[in-house]
Amino acid sequence: MFELICNAGLFVFLVYTYFTHVIEAKIPKSYLKNPNVIHPSAWPKAIIILLLICLAVNMYKIIKKNKGNPEFTFKAFLNNSKEFFKSKMFIGMLILIAASLLLEPLGFVVTAALLMFSYGLLLGEKKVWRMALISVAVALLMHILFSGLLDVTLPRGEIPFLRSFALFLENLF
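Residues numbered from 1 in each chain as written. Predicted model: local features only at pLDDT ≥ 70, side-chain atom pairs only at ≥ 80, totals over all residues. Heavy atoms only, no water.

*Asks:* I'm lost on helix 8 (residues 160-170) in this one. Help?
*Replies:* By the burial criterion, the buried members of helix 8 are Leu162, Ala166, Leu169 and Glu170. Buried positions in helix 8, seen along its axis, are confined to an arc of 100° and lie on one side of it. Among the exposed residues of helix 8, those oriented more than 90 degrees off its buried face are Pro160 and Phe161. Here the buried face of helix 8 lies against helix 5 (88-106), helix 6 (108-122) and helix 7 (128-149). (Buried < 20%, exposed > 50% of the residue type's maximum accessible area, 1.4 Å probe, protein only. Helix = DSSP H or I, 4+ residues; strand = E, 2+ residues; numbered from the N terminus. Arc of directions from axis to C-beta. Contact = heavy atoms within 4.5 Å.)

*Asks:* How should the side chain of asparagine 7 be read in this particular structure?
*Replies:* Relative to the elements of secondary structure, asparagine 7 occurs in helix 1 (residues 2-22). Contact partners of asparagine 7, with chain neighbours within four places excluded, come to Leu55, Asn58, Met59 and Ile62.

*Asks:* So what exactly am I meant to see when it comes to the packing of aromatic side chains here?
*Replies:* Any two aromatic rings considered together are summarised by their centre-to-centre distance and by the angle between their planes. This structure, assessed with the given rule, holds three aromatic pairs. Look at tyrosine 18 and phenylalanine 19: their rings are 5.3 Å apart centre to centre, the planes differ by 90°, and that puts the pair in the edge-to-face class. (Phe/Tyr/Trp six-rings, centres within 6.5 Å; stacked < 30°, edge-to-face > 60°.)

*Asks:* Please explain the packing of helix 6 against helix 7 as it appears in this structure.
*Replies:* What describes two packed helices is the angle between their axes and the distance between those same axes. Where helix 6 contacts helix 7, the axes come no closer than 8 Å and their chain directions differ by 145°. Handedness of the crossing formed by helix 6 with helix 7: right-handed. Contacts from Phe108, Val109, Ala112, Ala113, Met116, Phe117, Gly120 and Leu121 in helix 6 reach Val128, Met131, Ala132, Ser135, Val136, Val138, Ala139, Leu140, Met142 and His143 in helix 7. (Axes fitted to C-alpha atoms, helices over the stretch in contact; angles between N-to-C directions. Left-handed = near helix turned anticlockwise from the far one by under 90°.)

See below:
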């Protein structure tokens, strides 16, 4: 039942996104002048439509597979949902939400290091110092690779010394 609810929620979200952000997106005038150019909104439209089709097929399969199953009811779902909120999956979701909220104020390096460190602890890593060291090293390496070599601007953070450190890393290459 949980999978069906997640699919339905994602379906509603994608329909909302399609009608509020994709269709109403402004197309630059340079694209409108040339009839042979694919508009920038073509890919998001195609991807969302394909995702909606896949979600609809998946929801149909879930309903067909579980038809007549006594555990496939909202009552059974509510009884089992208490276990879900105690699971590692839910804690992992909370960690990702926290990371998304911390990304702008703390910047990529600190947020990525905290994310990897907390996931390591969640998955059962016993050596905390080792996990901290690896998390910081991988976050620094990713920042250098993406900002220096691939020229992708990552969030630098709003705290002055973290922002200065991110700029320092970007200037290494």
